[in-house]
Each structure stands twice: as C-alpha cells, then as structure tokens.
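Residue strings, one per chain:
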Amino acid sequence: MIIDDAKEIFTRLADVSGASLSEDHNSLKINGTKINNNDTLRRLKELNTTLSALGGGAVLVVGATSGNCDISDLDASDIADEKIWLSINKPNKNGSYYFFTIEGLKIALTNASFIQDAHNIFISCDFDPFASYSAWYLPWEKSAPYKIPEWSGFDNPLKITRDLTATGKIPNDLRPWLLYHAPEYSSNVLELWKVKSCRKLCYAIPSEIETQGDAIFACSKGDRLRKIEFHSDSENPWYDAFDVVHDCAIWLYSSKQESESKHSFLNCHLSLEWNDSTLWPDKDKITTALTNARQAYSLHLKGVSKEYFAQLVGLKKTLQDDVDRFHNNVQKLTNALWRDFIIALAVAVIKFSPKDTNFSHSAVIIIVTIILIYVSVSLIVMLYSNAKFIKITKLNREKWHKRLYGFIEENEYQELVTKPLEKAINTYKDVRAVVFMLYVLILLFLLNMIVPIDLNLKFYLDIYNRIFLWLFAVSCG
C-alpha cells in the first residue's frame, strides 16, 4: 500500500505547474514541484523508511532556498511555497532493481550496465511474472518463484554478425533478451520487454548491420546481398515479429558448435525471400526463411545440402515456367476470341449490306459457312491442345516428383508446387468457361445467317449444340 500511495503522490507532485518527472534504474526525480502539506510529507517519510529497509534507498529533498533537507525532521511549513527538487534513490542491491513507472523501465532497458547486472527487476504494477535467461520481472513485494540457472551455452553474436554501425548495436550476450519463463497472461510490462528484446535480437540475425545516414540496414548474404531497411520507432512490427525472431535467435545461438553454419543457411534464405522493399523485420518472410533454413541445415547434416539448393532452385524455375504457360494460354484464349469476334462482325456487315453490292446471297452463305467452320475448328484445336498440355504437365509432375524431389515432404511439396499450379489451372478454366460461352454466341449468330429462321431452326440449333458440346468435351479431355 505504501508503494501505491507513493505513486499517487508522485503523480500529484508531477502535476504541479512547471514540475517534471523522470526515472531510470537508479532514481526517480521530480524537479520544480511544491510540498505544501504534512500529509504528503508524512507519506514520503513512510516511503523513505520502506526504501531503507529494502536495502539503502532514500528520499532526498532539496529546496530552492533551504537546500538539502533532512526528511525525518522536516515539516511542511519549513518549505512552504518553495520549489522542491525531490529525488528517490532506489535500493539497488545484489542485482535487484525497483521501478515506480513503466517509462522508467523502458529507459533502463537501453542501459547496458543495468541489463548485465540485473537479476530481479521489480515494477510497481500488477502483472504476471516472467523471466529472461538472466533476470526475473516481478511486481513489488513479490519474490521469484525459483532461481534462474546459470546458462553459458549461447554463442556470442559478435563473433558471427558484423557490426558496421560503429555504435555497438549487436548484443554480446543474448541471455537478457531470450524468454526463459513465459507468463500465463500478457501485460504492459511483457509487451514492452518483447519490443526491446525483438529490437536487440534483430541485430544478431543478419550477416551484417550497417547504417546510411539515419537509416539502419540488415544485410543478408546468399547468392546475392540483400540490404533491408529497419522499421522506424513504431513498436507494432517489433512486437508482432517477436515470436519468430526469438525462435531464430534460439535456433542460431543455442549451440556454439554450429552457429556459423546455421547463420549462413538462414541468411541465404532471407536473401531469397526478401525480393521487395518490405522493411525489417517482417514476420511472414522470416518465418518462411527459418523453415527453409532448418530443412536445409537438416540436410546439410546428411551431406546433401548442395544438391538440395540446386534442386530447389530448379523446382522454383520449373514452377514459374508452368505458371507463365498457363498465363499465356489465358491470353491466347482472349486474343482468339477478339479475333473471331471481329471476323464474325465483318461477315455480318457483308450479310446485311445494301442489296446493290457485288455479293450474291449464295456467295454470302458460302463465306459464312467457311467462317463458321474456321471458328469452330480454331476453338476446338485451341481447347484440345491446352487440355493436353494440362494433362501432360500433371503426368510429368507426378512422374518426377519422387525421383527429383523426394527429399521434400509431401505437405511442403503441396504448398510449394501443387497448390500454386492448381490456382493457375483454375484461373485458366474460369476464363475458358467464359470464352466458350461467348464463342457459342458467335457461332449461333453465324449459323443463324445460314439457316433460315423458320420452324426447323430449333431442330438445327439443337443438333448443332449437341455436336459442339460433344466436341468441347472431347477437346477438354
């Protein structure tokens, strides 16, 4: 309760006109405030007693006129209407640190000496405790559930990632930024820590870190060098990417023996995934790169990593070629439709031109018949060849799947190859259905110019439709 009262007093004192509050890991200061009543002073005295009992903390009062004041003998009338500089020196002892505000913790998490020394970090708010590999984060007046074991197995990122920023952004110890004990419920304290942790861990993942002006770049080396600009100070992308970035750091540095190999595999796949201007970090791209790097590393342990990369690149090229062919087939269908529509329109102009033209009725019938046969055969040949191409592509894919790409698990092969091709094929089939219906209208229009509109028209149209639908079914396999 004393701590809660203290927070209320700090808020009230900081609200005085001209006053300001700041906090770091050593102290909380309120500058330019006023203490005009003994109730406030009494609470500050109780806080001073509590801090002293915790291990050397103290409340210091400095008046603009009175100078340093002994708070134990101080009366409010002694400093009435006097500007006060209030300093709460916190009882930091044996790696235990105390914070009255989350903003104070936020500032402290940027201090390297604090990060290395802290083992128990107490914050004056209610939240579910959690721990990194080096420190517990706890509410005031609570104790750590158990001691965090000493862990020296993590490799030093500075040995692997090059820091070209000259500002020491890459941490030399990852333990403060890796989650050891996860809380059951989230909290503002956990969210703040995750943002800070993700920022630190993101410096340890790329091949290099460099700066250009005020911008920071993550450089991943694979077949080519990718320079990826870091996000700005907005916290959302860092919080969203924490889980996958944390997984990357654990996978990369949990074993000193293979850190460099894993780092090379991951950056190779990061350079493949980052083919646009997406900022660093991007949760989806890092997730895909980490999955592929883990698989490549697993195969590397079996001595087949080079073959894996070569075959994976070949698979990607083959897939892109097949998708491009389906795209070209769609374009050919639409181009043919426009071509035949213009031909049918030209025939209509001839058919319904004035009677004094040089075309006789029989000549027009012959022209229309030839055009009708040409359009029908053109459509059937085009649909038949495309259907055969789809069938041959499917057979070849099934035939070579196990021979060339048997090392890829079935569900991953479905995601990499089968599903993208099915999407391309379905797009083609949707366009084909629309084009076919439009062709039917064109052919019916041409047939109507040949067959007189009488009682037999329905009979002729029914026969034509049956024949054409049968030919369409044959052409589509």
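See the structure above.
Participant: So what exactly am I meant to see when it comes to the overall build of the protein here?
Facilitator: From N to C terminus, the protein includes 13 helices and 14 strands. Among the 477 residues that make up the protein, the fraction classed as buried is 43%. Sequence separation of 24 or more characterises 65% of the internal contacts of the protein that already satisfy a separation of 6 or more. For the protein, the accessible surface area stands at approximately 25400 Å², while carbon and sulfur atoms represent 54% of it.

Participant: Help me out: how do you make sense of helix 8 (residues 259–273) in this one?
Facilitator: Note on helix geometry: an α-helix contains 3.6 residues per turn, so any two residues three or four positions apart are oriented the same way. In a regular helix each residue adds 1.5 Å, so 15 residues correspond to 21 Å; helix 8 covers 21 Å between its end C-alpha atoms and thus fits that length. Within helix 8 the residues assigned to the buried category are Ser259, Lys262, His263, Phe265, Leu266, Asn267, Cys268, His269, Leu270 and Ser271.

Participant: What exactly am I supposed to notice about the packing of aromatic side chains here?
Facilitator: Aromatic ring pairs are reported here in terms of the distance separating the ring centres and the angle at which the planes meet. In this structure the tally under the stated criterion is 19 aromatic pairs. A centroid spacing of 5.8 Å and a plane angle of 85° characterise the contact between tryptophan 251 and tyrosine 297, whose relative ring orientation is edge-to-face. Placement of tryptophan 251 in helix 7 (residues 242–253) and of tyrosine 297 in helix 9 (residues 283–301) is noted, with a sequence separation of 46 residues between them. You can call tryptophan 251 buried: its relative accessible area is 11%. Residue tyrosine 297 is classed as buried on the basis of its relative accessible area of 11%. Put simply, the rings of Phe10, Tyr98, Phe100, Phe122 and Trp140 touch in pairs and so form one group of aromatic residues. One residue, lysine 227, lies across the ring of phenylalanine 217, its end atom 5.7 Å from the ring centre.

Participant: Explain the nonpolar core to me, please; I cannot follow it from the model alone.
Facilitator: A general trend in soluble globular proteins is that nonpolar side chains are found buried together. Judged by nonpolar contacts, the single largest core of 59 residues is most densely connected at Tyr137, Leu266 and Trp280. Leave out the neighbours within four places in its chain, and tyrosine 137 touches Leu105, Leu109, Ile121, Ile123, Phe127, Pro129, Phe130, Ser132 and Trp193. Counting residues in each nonpolar core, the second largest holds 28 residues, with Ile30, Leu41, Val59 and Val61 among its members.

Participant: Would you mind going over the environment of aspartate 276 with me for this structure?
Facilitator: Tracing the backbone shows aspartate 276 in the loop between helix 8 and helix 9. On the accessibility criterion, aspartate 276 (41% relative accessible area) is partly exposed. Separated by 48 residues in sequence, aspartate 276 and isoleucine 228 have C-alpha atoms that sit 9.1 Å apart.

Participant: Looking at this structure, I do not really get the environment of serine 72. What am I missing?
Facilitator: With respect to the helices and strands, the residue serine 72 is situated in the loop between strand 4 (67–69) and strand 5 (84–89). Its relative accessible area of 47% is what places serine 72 among the partly exposed residues. As for serine 72 and leucine 41, which are separated by 31 residues in sequence, their C-alpha atoms are 9.6 Å apart.

Participant: Would you mind going over the pairing of strand 1 (residues 20–23) with me for this structure?
Facilitator: Two faces make up the sheet, and in a regular strand the side chains alternate between them. In the sheet, strand 1 pairs with strand 2 (residues 27–33) via four bridges, with the strands oriented antiparallel. Across the sheet, residue glutamate 23 finds its bridge partner in strand 2, namely leucine 28. Connecting strand 1 to the next strand, strand 2, in antiparallel fashion are three residues.

Participant: What am I meant to see in the sheet that holds strand 7 (residues 120–123) here?
Facilitator: Hydrogen bonds along the backbone pair up the strands of a sheet, which may run parallel or antiparallel. Across the sheet, five strands lie side by side as 6-7-9-8-11; this open sheet has mixed pairing. The sheet is open, and its two edges are formed by strand 6 (96–99) and strand 11 (179–181), each paired on a single side. The sheet shows a mean angle of 30° between the axes of neighbouring strands, taken without regard to direction. Where helix 5 (residues 188–202) meets the sheet, it contacts strand 7, strand 8 (130–132), strand 9 (136–139) and strand 11, and its direction lies at approximately 20° from that of strand 8.

Participant: Can you walk me through the sheet that holds strand 2 in this structure?
Facilitator: Pairing is antiparallel across the open sheet formed by five strands, whose spatial order is 1-2-5-3-4. At either end of the open sheet lies a strand with only one pairing partner, and these are strand 1 and strand 4. Averaged over neighbouring strand pairs, the angle between their axes works out to 20° when direction is ignored. Taken together, the six bridges between strand 2 and strand 5 define a ladder with antiparallel strand orientation. Across the sheet, residue asparagine 31 finds its bridge partner in strand 5, namely tryptophan 85. In the packing of helix 2 (residues 38–55) onto the sheet, contacts are made with strand 3 (58–63) and strand 5, and the angle to strand 3 comes to roughly 135°.

The rules behind each value
- Residues numbered from 1 in each chain as written.
- Predicted model: local features only at pLDDT ≥ 70, side-chain atom pairs only at ≥ 80, totals over all residues.
- Heavy atoms only, no water.
- Helix = DSSP H or I, 4+ residues; strand = E, 2+ residues; numbered from the N terminus.
- Buried < 20%, exposed > 50% of the residue type's maximum accessible area, 1.4 Å probe, protein only.
- Contact = heavy atoms within 4.5 Å.
- Areas by Shrake-Rupley, 256 points an atom, 1.4 Å probe, with all protein chains shown as cover.
- Expected span 1.5 Å × (residues − 1).
- Phe/Tyr/Trp six-rings, centres within 6.5 Å; stacked < 30°, edge-to-face > 60°.
- Lys NZ or Arg CZ within 6 Å of the ring centre and 35° of its normal.
- Core = buried A, V, L, I, M, F, W, Y, C linked by side-chain atoms within 4.5 Å.
- Pairing = 2+ DSSP bridges.
- Axes fitted to C-alpha atoms, helices over the stretch in contact; angles between N-to-C directions.

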